[in-house]
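Understanding the architecture of this molecule
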Amino acid sequence: MSRIGRTPVVIPAGVTVDIKDGNVVTVKGGKGTLTRQFVPEMKIYTQEVEKEIEEKTVKVNEIVVERPNDLKREKSLHGLTRSLLQNMVTGVSDGYKKTLEINGVGYRAAKQGKKLTLNLGYSHPIEMDDPEGIETAVDGNKIVVSGIDKEKVGQYAAQIREKRPPEPYKGKGIKYDDEIIRRKVGKTGK
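We now turn to the structure provided with this report.

A short note on the pairing of strand 7 (residues 96–103)
The pairing of strand 7 with strand 12 (residues 142–147) spans six bridges and is classified as antiparallel. Considered in strand 12, the bridge of lysine 98 is made with valine 145. Two strands pair when backbone bridges link them, and strand 7 and strand 13 (residues 173–176) are joined in this way by four bridges, in the antiparallel orientation. Considered in strand 13, the bridge of isoleucine 102 is made with isoleucine 174.

Take a look at the structure:
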């Protein structure tokens, strides 16, 4: 059985989960609401379980995902469905954040309303509008992309990075803050 799929998703306080026919799951929390339709083969339901936390018995709500059989497709969808549900619950309770770093002489980012303006050494500035549900903030040479949908946050951060990926010689460009650029040695003259 899938180790990821087998683990139940714990629903924190302040988050409500609504499962409708056709496996349409709506998760509401302090930061917003996310809705997603899952494959009909998976059985998704909530249950209340008593857990012992610090020598106290506490009732905890959980989302459980079960698969109908052990076919390869169902096995792969089992873990995927559980991970997507976990991402939805985490998104509406805590939110997601990606930080990008701009390196290079004259490379700058500015924010005006919902428009992100990037000066990246091209003959023109690049303007990007924030997608629905995504916010960007500029702090010096850092761009912080945040939102409740993990998929959208990662996609928009990748689109920003794509405008000028880091080059291996001087490290100029836009990179993730935790990304390590493998540097190359330049030409040596005699």
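After that view of the structure, there is still more to cover.
Quick look at helix 3 (residues 150–162)
An ideal rise of 1.5 Å per residue puts 18 Å on 13 residues; helix 3 measures up with 18 Å between its terminal C-alpha atoms. Lining the buried residues of helix 3 we find strand 7, strand 9 (115–119), strand 10 (126–129), strand 11 (134–139), strand 12 and strand 13. Of the residues flanking the start of helix 3, the one acting as N-cap is aspartate 149, its side-chain oxygen 3.2 Å from the backbone nitrogen of glutamate 151.

Examining the sheet that holds strand 9
Reading across from one edge, 8-9-10 is the order of the three strands in this open sheet, with antiparallel pairing throughout. Where the open sheet ends on each side, the last strands, each with one partner, are strand 8 (108–112) and strand 10. Taking each pair of neighbouring strands and ignoring which way they run, the sheet shows an average axis angle of 20°. Relative to strand 10, strand 9 is paired through four bridges, and the arrangement is antiparallel. From the neighbouring strand, lysine 115 faces strand 10, where its bridge partner is aspartate 129.

Quick look at the environment of glycine 133
The residue glycine 133 is located in the loop between strand 10 and strand 11 in this model. Taking the C-alpha atoms as reference points, glycine 133 and valine 153, separated by 20 residues in sequence, lie 9.0 Å from one another. Non-local contacts of glycine 133, meaning those with residues more than four positions away in its chain, are made with Ser146, Gly147 and Ile148.

What about the pattern of salt bridges?
Tallying each qualifying case throughout the model produces nine salt bridges. Among the ionic pairs, lysine 175 bridges to glutamate 101, the shortest N-O distance being 3.8 Å. Of this pair, lysine 175 sits in strand 13 while glutamate 101 sits in strand 7; the two residues are 74 residues apart in sequence, bridging distant segments of the chain. Each member of the pair, lysine 175 together with glutamate 101, is buried.

So, the environment of leucine 84
Of note, leucine 84 is situated in helix 2 (residues 72–93). Placed 23 residues apart in sequence, leucine 84 and asparagine 61 show a C-alpha to C-alpha distance of 17 Å.

Section: the nonpolar core
Nonpolar side chains in soluble globular proteins tend to be buried together. Counting 19 residues, the largest nonpolar core has Leu100, Ile102, Leu118, Ile143, Val145 and Ile160 as the members making the most contacts within it. Where this core is concerned, the elements lending two or more residues are strand 7, strand 9, strand 10, strand 12, helix 3 and strand 13. With residues up to four places along the chain from it excluded, the contact list for valine 145 reads Tyr96, Lys97, Lys98, Leu100, Ile134, Glu135, Thr136, Val153, Tyr156, Ala157 and Ile160. If you look at the next biggest cluster of nonpolar residues, it comprises 18 residues, including Val25, Val27, Ile44 and Leu84.

Focus: the side chain of lysine 175
Residue classification places lysine 175 among the buried residues on the basis of a relative accessible area of 11%. Reaching out from lysine 175, the side chain makes a polar contact with the backbone oxygen of glutamate 179 at a distance of 3.3 Å. Ignoring sequence-local partners within four residues, the contact set of lysine 175 consists of Thr99, Leu100, Glu101, Asn103, Arg161, Pro166 and Ile181.

About the thresholds
Residues numbered from 1 in each chain as written. Predicted model: local features only at pLDDT ≥ 70, side-chain atom pairs only at ≥ 80, totals over all residues. Heavy atoms only, no water. Pairing = 2+ DSSP bridges. Helix = DSSP H or I, 4+ residues; strand = E, 2+ residues; numbered from the N terminus. Expected span 1.5 Å × (residues − 1). Contact = heavy atoms within 4.5 Å. Polar contact = N/O pair within 3.5 Å; in protein donor to acceptor, adjacent residues only side chain to side chain. Axes fitted to C-alpha atoms, helices over the stretch in contact; angles between N-to-C directions. Salt bridge = Lys/Arg side-chain N within 4 Å of Asp/Glu carboxyl O. Buried < 20%, exposed > 50% of the residue type's maximum accessible area, 1.4 Å probe, protein only. Core = buried A, V, L, I, M, F, W, Y, C linked by side-chain atoms within 4.5 Å.

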